[in-house]
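Secondary and tertiary structure notes
Chain by chain, the residues:
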Amino acid sequence: MHRSWLEVSLGRIAGNFRAVRAMVGQPVAVMPVVKADAYRHGAVAVARALEQAGAQWLAVSNVQEGAVLRDAGIQTRILVMADFLPGSREAFFDYGLTPVLHDLDEVAELEHLAARRAQPTAFHLKIDSGMGRLGVRDAAAPVAAAVQACRTAQLEGLMTHFASAADYGSAQTAEQTRYFFDLLAASGLRPAYIHLSSTIPIAYGRREAWGNMVRPGHAIYGYISPAKGPAPDRELAVTPALTWKTCVLTVKDIPAGAAIGYGAMFRAPKPMRIAILAAGYADGYPHRLSNKGKVLVQGRVCPVIGAVSMDVTTIDVTAVPALRPGDPVTLLGGEVDAQQIARTAGTISYAVLCGISSRVARMFVD
Ligand SMILES: *Cc1c(COP(=O)(O)O)cnc(C)c1O
């Protein structure tokens, strides 16, 4: 018996992976992103499901996330996208992880390590094509020289990341794509994998930015953020895989005028029946849903009233009088999905999912 738990459908995650694969077609490899505990869906179980569904690559953010997957027996290639810290470099060899390098000095460093261990190793190199975050900003000639100086380390992939993929009113994605392919051509390099696209450029069919590998995260979990501006039709259909539930602790009737919770943010306009739920912001339920959120109770939408507290949240269940302590309530699921919550809370769906805390139990369903 849990106070608050996630039900994660591994079947839907595998289905979303297959939908991406069907959309990009055979020549384009699909590397699902399972960083941040698979956007809180559970990295090990998700990685196993994806491996079983045929994924040959997975992407994580750091070495620790990769090591957890290896320790769990995952045998796909694992790309580590944002971690080549001095203290973690040996672990790439020990765990068979593939680094993304973001600096030409790191290329020399990896070559040095690989040569010393006499252990051939592949790496991917990230180009900063305009995102202004991780990635090399050097011109084609120094990039080519650094790569060609390697003997034991080998360039396997060249990649970049878009800053404004969802904004079809912006020229930035087209500019970044041009910058990237111009640099690739001028360098004369021929890496096995070329990858630029996460969920949005896949889902909206920006084929010129697919290269021969794509990196979907959000779509694997069933989400595609709405595009802005003159976007083409979305071509990919996916289904959210996660439902978040909690239990009713108490149900009670309050008179007109009663104040609810911290700061008396809500005052009952009439006699009401309220339920106190066993989840709050310590579980990751956003505090900004205070007096604004909606939950699903026996299929009906019920409003959050008063402040979301650390451990409990109060809802108006006047419309659902049969509710009893211990009954389940859906905090996230169905029509109240992560995007709907994000709009209400003034954040993004990624942050809603990643914000679900480790105090929330997790179970896997088909
Ligand atoms: C997180 C991440 C992705 C996945 O992005 P989604 O929008 O979730 O598909 C892809 N590439 C990089 C470099 C990332 O950091």
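Now for a look at the structure at hand. (Residues numbered from 1 in each chain as written. Predicted model: local features only at pLDDT ≥ 70, side-chain atom pairs only at ≥ 80, totals over all residues. Heavy atoms only, no water.)

All right, on to the packing of aromatic side chains then. To describe a pair of aromatic rings, you give the distance between the ring centres and the angle between the ring planes. Under the criterion given, the structure shown has seven aromatic pairs. Each ring, one from Y168 and one from Y204, has its centre 6.0 Å from the other, and the planes form 50°; the classification is tilted. With Y168 in the loop between β7 (153-159) and α8 (172-187) and Y204 in the loop between α9 (199-203) and β9 (213-214), this pair connects stretches of sequence that are 36 residues apart. Taking relative accessible area as the criterion, Y168 reaches 16% and is therefore assigned buried. Ring geometry for F180 and F181: centres 5.3 Å apart, planes at 85°, overall edge-to-face. (Phe/Tyr/Trp six-rings, centres within 6.5 Å; stacked < 30°, edge-to-face > 60°. Helix = DSSP H or I, 4+ residues; strand = E, 2+ residues; numbered from the N terminus. Buried < 20%, exposed > 50% of the residue type's maximum accessible area, 1.4 Å probe, protein only.)

Let's shift gears to the environment of T318. Tracing the chain through its elements places T318 in the loop between β16 (313-316) and β17 (328-332). Between the C-alpha atom of T318 and that of D253, which follows or precedes it by 65 residues, the distance is 8.7 Å. Each residue touching T318, except ones within four places of it in the same chain, is listed here: M272 and R273. Within the local environment of T318, its side chain forms a polar contact with the side chain of D316, the two groups lying 2.5 Å apart. (Contact = heavy atoms within 4.5 Å. Polar contact = N/O pair within 3.5 Å; in protein donor to acceptor, adjacent residues only side chain to side chain.)

The next subject is the pattern of salt bridges. Considering all chains together, one arrives at 13 salt bridges under this definition. E7 is the partner of K245 in a salt bridge, and the nearest nitrogen-oxygen pair spans 3.2 Å. In this pair, K245 sits in strand β10 (residues 242-254) while E7 sits in strand β1 (residues 4-9), placing the two residues 238 residues apart along the sequence. Across the salt bridge formed by E235 and R207, the nearest N and O atoms sit 2.9 Å from each other. Highlighted residues: E235 in the loop between β9 and β10 and R207 in the loop between α9 and β9, separated in sequence by 28 residues. (Salt bridge = Lys/Arg side-chain N within 4 Å of Asp/Glu carboxyl O.)

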